[in-house]
Amino acid sequence: MITDKIKHQIRSIVGPENALDSDLDRFGYSYDSSYVPLRPENRPDLVVRPLTAREVSSVMALASEHEIPVTPRGAASGRTGGSIPLRGGISLCLDRMTRIVELDEGNMMVTAEAGVRTIDLYNHCAAKGLFFPPDPASWKFSTIGGNVAENAGGMRAVKYGVTSNYVMGLEVVLADGTILKTGGKALKNVTGYDLKSLFTGSEGTLGIITQALLRLIPMPKKRGTLQVMFGSLEEGCATVHRMLQAAIVPAAAEIMDRFSLEAVAKYRGTSLDPTAQACLIMEIDGESDEALASQARQIQAVAEGCGALAFRVAQSQQESDELWAARRGLSSAVASLAPTRLGEDISVPRDAFPEVVRRIRVISEKYGLPIAVYGHAGDGNIHPSILCDLGNPEQEKRIHGAVDEIFAAALAVGGTLSGEHGIGITKQPYITQALGDAGIKTLIAVKKALDPKGILNPGKIW
Ligand SMILES: Cc1cc2nc3c(=O)[nH]c(=O)nc-3n(C[C@H](O)[C@H](O)[C@H](O)COP(=O)(O)OP(=O)(O)OC[C@H]3O[C@@H](n4cnc5c(N)ncnc54)[C@H](O)[C@@H]3O)c2cc1C
């Protein structure tokens, strides 16, 4: 419970206009982009929007003293309920911390505050010929703090990796208000535990990330887009597999099944080859037009060897944008087919992709629920989308059954519950199955060491 006196103290730290407690504000911070239903008990008592790490520190010191739960929040684009305050208290929103503190061109690193939008960071660096590769599809609104807290991935992960591959250092405010700086610009650093990696992907349960030092790479000079149609999903997967084995690494390799293709065609009013069962959209990049043309030829040879029906190289930026628009608009296209689209995010060893898709089709039949399958074929990250109606009690049991079996299918082939969206609330019931008792005990021991009063994002992960 936050007393008026504590509210007054917080207002004197962040300014009265940045500590909000109207019903409307509390409602606005009670949900995110997951399918966790709206509940009055998920409203924070106070929304706090600090501007500096010092302010975060002072707020955390107060929260610690009075054992007030604090739920960090970026843009609330999370898919697993991570920024929903389950125990009231403070919703600590970092959206005013939007300074890009330094672009160090010499060392190819950028320091940004937590609330900087991913796309703004990308553009800022791109203007100097530097490339920040992690590109979650939410990058127009997600924040760097949220990306680090979720270890966000994106389409370019197959070649360039995920957020953690770029985190060099962090400024983190700990549960008691201590400001910790960890990591730095030295490329090799084994001085003590690797704390920056511990906080990366910690979903706001171990500390408040206020600043990130991120590694950059030179921006590729040329980019191209390829589209390949297949008579089966297996052929598409085999193409990706063989390309990577032959050291041909596209920047992105996105696959869509027939159901997804139909959804896109319907949504965009386009026609679709009746024999096409799957489509691969790829981005290739390099230093010259010749290098791109050579990559495209190599990929065409592999795809045709795997039975591709059609191979297309985008001839203009407009054509490329159109091909990617189909992929980027896919979740909206699929979502338009049913009252609810339950988008999952399993990650499996790359060679198990077709097997898991086969199992998902069986699950779809068994529970009588359509499931669109698409994802990042290059890194085994599948996004099965269950089409259903969460408001229909008749479907509830079937939905749960289907979700349970999808996770079981991922774990059975050595995969995991989440490739990029984290655990949050929605995947909690499955985490012990994924990590085992020893894994959970270790997580809890780390949590207790860093947040002994349990005030940071309580009720998440396990
Ligand atoms: C349309 C759409 C497409 C998406 N595509 C992708 C994708 O391609 N790849 C991908 O990985 N994800 C994707 N996501 C999920 C989401 O955008 C990412 O997880 C993103 O990193 C969340 O950033 P955010 O700023 O919105 O964080 P929020 O949703 O606000 O928070 C996410 C979690 O991080 C914690 N957190 C936020 N900021 C901080 C901080 N400063 N310090 C400590 N903890 C913090 C929160 O407590 C919460 O647990 C998508 C979401 C949408 C809606």
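Note that the structure is a prediction, hence the values are computed from the model and not measured. Numbers given for residues are sequential positions, taken from 1 along each chain in its written order. Under the rules for a predicted model, residues below a pLDDT of 70 receive no local features and side-chain atom pairs below 80 are neither given nor counted, while totals for whole chains, interfaces and linings still include all residues. Side-chain measures here rest on the full set of heavy atoms in the structure, leaving out hydrogens and waters.

Once that is clear, we can look at the environment of Ile 119. Note on conventions: DSSP H or I runs of at least 4 residues are helices, E runs of at least 2 residues are strands, and numbering of each starts at the N terminus. Its location among the elements puts Ile 119 in helix H4 (residues 118–126). Only protein chains enter the area calculation, which uses a 1.4 Å probe; residues under 20% of their type maximum are buried, those over 50% are exposed, and those in between are partly exposed. You can call Ile 119 buried: its relative accessible area is 14%. Contacts: residue pairs with any heavy atoms within 4.5 Å of one another. Excluding its chain neighbours within four sequence positions, the residues that come into contact with Ile 119 are Trp 139 and Lys 140.

Moving on: the site of the ligand. Nearness of a residue to a molecule or strand requires only that one of the residue's heavy atoms be within 4 Å of it. If you check the shell around the ligand, you find 33 residues, and the closest are Pro 72, Ser 77, Gly 78, Ser 138 and Thr 143. Pairs of N or O atoms are called polar contacts if they sit within 3.5 Å, as long as, within protein, a hydrogen donor faces a hydrogen acceptor (for residues adjacent in sequence, only side-chain-to-side-chain pairs). The backbone of Gly 74 places a nitrogen or oxygen atom 2.7 Å from an oxygen atom of the ligand. One of the backbone N or O atoms of Ile 209 is found 2.9 Å from a nitrogen atom in the ligand. When the ligand is considered free in solution it has 970 Å² of accessible area, and contact with the protein chains removes 94% of it. Within the residue set of the shell around the ligand, elements represented by two or more residues are strand E3 (70–73), helix H5 (144–150) and strand E10 (208–215). By residue number, the principal contributor to the shell around the ligand is H5, which donates five residues. Polar here means any residue outside two lists: the nonpolar Ala, Val, Leu, Ile, Met, Phe, Trp, Tyr, Cys and Pro, and the charged Asp, Glu, Lys and Arg; Gly therefore counts as polar. The residue makeup of the shell around the ligand, split by class, is 11 nonpolar, 17 polar and five charged. Each of domain 1 (4–93) and domain 2 (100–218) contributes no fewer than three residues to the shell around the ligand. Per-residue and other accessible areas follow the Shrake-Rupley method at a 1.4 Å probe size, with only the shown protein chains counted as cover for residues. Start and end positions for the domains come from either an automated domain assignment or a database one.

In an α-helix, one turn spans 3.6 residues, which is why side chains three or four residues apart end up on the same side. Taken residue by residue, helix H9 (residues 258–268) has Arg 258, Ser 260, Leu 261, Ala 263, Val 264 and Ala 265 as its buried positions. Contact partners of the buried residues in H9: strand E12 (222–230), strand E13 (252–257), strand E14 (278–286), helix H11 (317–328), helix H12 (330–335) and strand E18 (371–376). Directly beyond the C-terminal end of H9, a positive phi value near 65 degrees is found at Gly 269.

Below, the discussion takes up the pattern of salt bridges. Put simply, a salt bridge is a Lys or Arg side-chain nitrogen that is within 4 Å of an Asp or Glu carboxyl oxygen. Within this structure, the stated rule accounts for 26 salt bridges. Between Arg 358 and Glu 234 there is a salt bridge, with its nearest N and O atoms 3.1 Å apart. In this pair, Arg 358 sits in helix H13 (residues 353–367) while Glu 234 sits in helix H8 (residues 233–245), placing the two residues 124 residues apart along the sequence. In this structure, a network of salt bridges that share partners links the residues Glu 234, Glu 355, Arg 358 and Arg 359.

Take the sheet that holds strand E9 (residues 179–183) next. Within the open sheet, the five strands sit side by side as E5-E6-E10-E8-E9. Their pairing is antiparallel. Edge positions in the sheet fall to strand E5 (100–104) and E9, since each has one partner strand and no second. Here the average twist between neighbouring strands, direction ignored, is 10 degrees. As judged from the five bridges shared by strand E6 (residues 109–113) and E10, these two strands associate in the antiparallel manner. Note that in E10 the partner of Met 109 across the bridge is Arg 215. Contacts from helix H3 (residues 53–66) reach strand E8 (167–173), E9 and E10 within the one sheet, and its direction differs from that of E8 by about 45 degrees. For helices, the axis comes from a line fit to the C-alpha atoms of the stretch in contact; other axes are also lines fit to C-alpha atoms, and the angle between any two N-to-C directions lies between 0 and 180 degrees. Each of E5, E6 and E10 touches H4; the most contacted strand, E5, lies at about 35 degrees to it. The pairing criterion is simple: DSSP has to find at least two bridges between the two strands.

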